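What follows is the residue order along each chain.
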Amino acid sequence: MTDISSNFHQEGVVEIQVPQEEEKEKEDQEEEKASCEWDFHLSTVISSCNSINGSVCDTIGVLEFDPCGNLLASGGIARKIRIYTVNSLSQEEREGDRVALDHGNACNYYICTPAKLSSLKWKPGWGSRVLGSGDYDGVVMEYDLEKKMPFFERDEHGGRRVWSIDYCHSDPVLGASGGDDGTMQMWDPRSGDNGKCLAMVQPCKQYSPVCCVEFNPFRGPIVAVGCVDRKVYAYDMRKMMDPVFVLDGHQKAVTYIRFLDERTIVSSSVDGCLKMWDAEDQRVIRTYKGHNNSRRFVGLSVWRPGGLICCGSESNQVFVYDKRWGEPIWVYGCEPMGLTRHDHGFVSSVCWQQKEENRCTLVAGDSDGVLRVFRGKRR
């Protein structure tokens, strides 16, 4: 969504056994190569007149399915939160065909926001009623979607852009936000004073912007943050003093963090790679390369039931990785010919629906405001 660089991973027996060992080694190498066990296809394309005219004012910066997987929220440069039902994204299609829709028809409703949006999160424990947002003016807001209006607002990042927000799963009222002021702040609307700051950390002493915040959704009081200083810091939210561990391996700013399971973290960076970490040992398990990412936020999403990872690319492509292999297993889109990487659009956000194990739904948004819905099934 935004240019990162501008703001701031026995002899006779031996004769018989050697060929067998070589053959086994060859088989092992073949098993290590990435292979796709899925059939993906483009199901639905949702666009608008802005997309046709190539306008950048509708860039989709964030996509989030609700906890039940029945609603999708989108936000970005257009200063709108759009809410789609899964049914509207998956209208009837014939085999091999794709459905083309307009945002006005596909969107169930939208809410106008006072500023450009950088982050959206559904509030756990509230069904699909409450949605939180972080914006370019440094404000965190919560919206009651039944009333289609905000009911909570806080600004403790000094008016600096809020890059990311998230909610604690063990105590869903508790939230955290990270921003350009170099801090991660935790807050609770129940404390009064417009969600008074309960704790604040500055991971990097040089005020390096915090690009992403993620609570561990599986267990324990851990909240992780990724910074422009290339590191991931994890804190025990009961004692927000020093980090309990630091993951250091990226060459540039860390833009996204996602927990794949209770001890495994996937991080994204503008060094052009994703990394999967063992959080307990603080080591890199695997590095994923193939997509183009050197300047912008291109999205990151993990589909936990299927063990798949997805990100966008500055080449306007969607990349899917299997957690077992460092090479992509599926790529959608063709890199434009004759253009530099900054002359064309880019995929700016991706999101998996967290349902089933043998079928999946993936949504990708781009810098022209186009949503693409992909369906996948295990072969």
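The rules behind the values
Numbers given to residues run from 1 along each chain, matching the order in which its sequence is written. A pLDDT threshold of at least 70 governs which residues receive local features in this predicted model, and a stricter bar of 80 or more applies before side-chain atom pairs are shown or counted, although totals over entire chains, interfaces and linings include all residues. To get the side-chain values, take all heavy atoms of the structure and skip hydrogens and water. A helix here means a DSSP run of H or I that spans at least four residues, while a strand means a run of E at least two residues long, and both kinds are numbered starting from the N terminus. When a residue's accessible area, from a 1.4 Å probe over protein chains only, is under 20% of the maximum for its type it is buried; when over 50% it is exposed; and in between it is partly exposed. Surface accessibility follows the Shrake-Rupley procedure with a 1.4 Å probe radius. Residue values consider only the protein chains on display as shielding. When DSSP finds two or more bridges between two strands, those strands count as paired. Angles shown run from 0 to 180 degrees and are taken between the N-to-C directions of axes, each axis being a line fitted to C-alpha atoms and, for helices, limited to the stretch in contact. Should a side-chain nitrogen of Lys or Arg be within 4 Å of a carboxyl oxygen of Asp or Glu, the pair is scored as a salt bridge. Definition of nonpolar core: a set of buried residues of the types Ala, Val, Leu, Ile, Met, Phe, Trp, Tyr and Cys, connected through side-chain atoms within 4.5 Å. Throughout, a residue-residue contact means that at least one pair of heavy atoms, one from each residue, lies within 4.5 Å.

**Student:** Got a minute to help me understand the overall build of the chain in this structure?
**Tutor:** When you go through the chain residue by residue, the secondary structure sums to 4 helices and 29 strands. The proportion of buried residues among the 379 residues of the chain is 56%. For the chain, the exposed area adds up to about 17000 Å²; of that, 45% sits on carbon and sulfur atoms.

**Student:** Would you mind going over the sheet that holds strand 7 (residues 117-122) with me for this structure?
**Tutor:** Working definition: the strands of a sheet are paired by backbone hydrogen bonds and lie parallel or antiparallel to each other. Strands sit in the order 7-8-9-10 across an open sheet of 4 strands; the sheet is antiparallel. Two strands lie at the open edges of the sheet, namely strand 7 and strand 10 (149-154), each paired on one side alone. Strand-to-strand twist across the sheet, computed as the mean angle between neighbouring axes with direction ignored, equals 25 degrees. In the sheet, strand 7 pairs with strand 8 (residues 130-135) via 5 bridges, with the strands oriented antiparallel. For S119, the partnering residue across the bridge sits in strand 8 and is G134.

**Student:** It is not clear to me how the sheet that holds strand 21 (residues 273-278) should be interpreted in this structure. Could you clarify?
**Tutor:** Spatial strand order, 19-20-21-22: 4 strands in an open sheet with antiparallel pairing. Edge positions in the sheet fall to strand 19 (254-261) and strand 22 (283-289), since each of these pairs with one other strand and no more. Recorded for the sheet is a direction-independent mean angle of 20 degrees between the axes of neighbouring strands. As paired elements, strand 21 and strand 22 share 6 bridges and run antiparallel to each other. Bridge pairing in strand 22 links D278 to R283.

**Student:** Honestly, the pairing of strand 21 in this entry has me stumped. Any pointers?
**Tutor:** Counting buried positions along strand 21 yields 6 of 6 residues, so the element is predominantly enclosed. The alternating pattern of strand 21 places C273, K275 and W277 and L274, M276 and D278 on opposite faces, both of which are buried. One ladder, built from 5 bridges, connects strand 20 (residues 264-269) with strand 21; its direction is antiparallel. Among the inter-strand pairings, V266 is bridged to a residue of strand 21, identified as M276. Counting the residues in the hairpin turn of strand 20 and strand 21 gives 3 residues, including G272, whose phi is positive at 85 degrees. The antiparallel pairing of strand 21 with strand 22 creates a hairpin that spans 4 residues between the two strands, and Q282 there sits at a positive phi of about 55 degrees.

**Student:** Explanation requested: the pattern of salt bridges in the structure shown.
**Tutor:** Side chains carrying opposite charge are able to pair once their charged atoms draw close together. Using the criterion set out here, one finds 21 salt bridges in the structure. Where R129 meets E146, a salt bridge forms, and the shortest distance between an N and an O atom there is 3.8 Å. Taken as a pair, R129 in the loop between strand 7 and strand 8 and E146 in the loop between strand 9 (140-144) and strand 10 lie far apart in primary sequence, 17 residues in all. On the basis of relative accessibility, which here comes to 31%, the residue R129 falls in the partly exposed class.

**Student:** Even after reading the chapter, I still don't get the nonpolar core, so can you show me in this structure?
**Tutor:** Among soluble globular proteins, nonpolar side chains are generally buried collectively. W38, F40, L308, V320, I329, W352 and L362 are the most contacted members of the largest nonpolar core, which has 21 residues in total. Listed by contribution, the elements that provide at least two residues to this core are strand 1 (38-47), strand 24 (308-311), strand 25 (318-322), strand 26 (328-332), strand 27 (347-352) and strand 28 (359-366). If we ignore the near neighbours within four places in the chain, the residues touching W352 are F40, F65, S301, V302, W303, L308, I309, C310, V320, C360, T361 and L362.

**Student:** Before we go on, may I ask you to explain unusual backbone geometry in this structure?
**Tutor:** Trans peptide bonds make up most of the peptide bonds, and negative phi angles are found at most residues other than glycine. Look at R79: it is not a glycine, yet its phi comes out positive at around 60 degrees. Within the secondary structure, R79 sits in the loop between strand 3 (71-76) and strand 4 (80-85). For R79, a relative accessible area of 40% gives the class partly exposed. Backbone geometry at N316 places phi at a positive 65 degrees, although glycine is not the residue there. Position of N316 among the secondary structure elements: in the loop between strand 24 and strand 25. Residue classification places N316 among the partly exposed positions, given a relative accessible area of 28%.

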